[in-house]
Structures are given as structure tokens and as C-alpha cells.
Amino acid sequence: MRCAGGVLWELKPLPAASPTTADSAPSRAFRPPALAVAAPGERRGRRGRGKMAAGGAADAQARFGHSVKGLLTEKVTSCGTDVIALTKQVLKGSRSAELLGQAARNMVMQEDAILHSEDSLRKMAIITTHLQYQQEAIQKNVERSSNLQDQLSHLLK
């Protein structure tokens, strides 16, 4: 198994265990070299082992099992921490993508508002030009009417 911190632990299948008798030697597959401890009064390399040797082997196996469990627990905890950190990073990335999408939508809305405002300004410029023409026409009519009033007043005198 692999983890972000490296190899979690390689478990190799153990051969089928046969019951250990006082006359038989325990299988070497169950004892790792680092933890192979000779029982008191036992010599290494001797083939015939007694009940004490079987008890010592079982004790070594138990210590090995506890150390493996400790290493596995440590690696599982490390991997759990890495998974939590990865989850937080993914959520943060997801939130960032969400914010970017929202910003893009807001930008499109602003662009539409700007285009609408530009169109309104063009229409207002056209209306302003028409109002200026109307103002000029009104001023000409006012001048003509004042001229007509002057003419009327001279005629009535």
C-alpha cells in the first residue's frame, strides 16, 4: 500500500501455521531477523528446541506484532492527516473555482450594463440634437413673432 508519506506497509502472506510441539522447531517465516530473540538457556542454531523456545518465539512474535501494529497505526494516522489536508485543499480549490465562476458571471452582467448604457447615451445624443433643432426653430419663430408684433403695432397706430 502506498501513502503520501511513502510506503504504508508491505504485508506478505504468512505460511499456514502448524501447531508447535515440544519437538518441532517454529517456522522462521514468523520471526523477523531483527526481533528473533533466543529464549533463556537456548542456543541459536540448535534444531531441537523445548517448550521454552516455543514460548520465547511466541513472545518475539507478540513483540513483532505490537511493533507492526504501532507502525501501521502511525502510517494510518499520517495518511489520515494527509487525506484531511488534501480534502481541505480540494474544497479550497472548489471554492476558488466557484468564486471565479461568480466573478465571470458578474463581469458579463457588468458588460451587458455597459453596452446598455452606451446605447442609451447614443439615443440621448440623438434626442439632444433634435431638441437643439427645435430650440433654434422656436427662437426663429419668437424673432418672427416679435417682428410681426412690431409691424402690427405700426399698422395700428
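Residues numbered from 1 in each chain as written. Predicted model: local features only at pLDDT ≥ 70, side-chain atom pairs only at ≥ 80, totals over all residues. Heavy atoms only, no water.

Per an unreviewed UniProt entry, the recorded name for the protein chain is BLOC-1-related complex subunit 7, and the organism is Junco hyemalis. As stated in UniProt under Subcellular location (unreviewed entry), the record for the protein chain gives "Lysosome membrane". Turning to the protein chain, the UniProt record has this under Sequence similarities (unreviewed entry): "Belongs to the BORCS7 family." (UniProt positions renumbered as here; feature names shortened; annotations may be inferred.)

The next subject is the overall build of the protein chain. The secondary structure content of the protein chain amounts to one helix and two strands. Ordered by position from the N terminus, the helices and strands of the protein chain form the series β-β-α. Buried positions account for 10% of the 157 residues belonging to the protein chain. Excluding contacts between residues fewer than 6 apart, the proportion of contacts in the protein chain whose partners are at least 24 apart in sequence is 53%. Carbon together with sulfur atoms contributes 62% to the accessible area of the protein chain, which is approximately 13,200 Å² in total. (Helix = DSSP H or I, 4+ residues; strand = E, 2+ residues; numbered from the N terminus. Buried < 20%, exposed > 50% of the residue type's maximum accessible area, 1.4 Å probe, protein only. Contact = heavy atoms within 4.5 Å. Areas by Shrake-Rupley, 256 points an atom, 1.4 Å probe, with all protein chains shown as cover.)

Applying the stated criterion across every chain yields a total of four salt bridges. Residues Arg122 and Glu118 are paired through a salt bridge, measuring 3.1 Å at the closest nitrogen-oxygen approach. A residue pair is termed a helical-turn pair when its members lie 3 or 4 positions apart in one helix, as Arg122 and Glu118 do in helix α1 (residues 51-156) at four residues. On the accessibility criterion, Arg122 (47% relative accessible area) is partly exposed. The structure contains a network of salt bridges with shared partners spanning Glu118, Asp119, Arg122 and Lys123. (Salt bridge = Lys/Arg side-chain N within 4 Å of Asp/Glu carboxyl O.)

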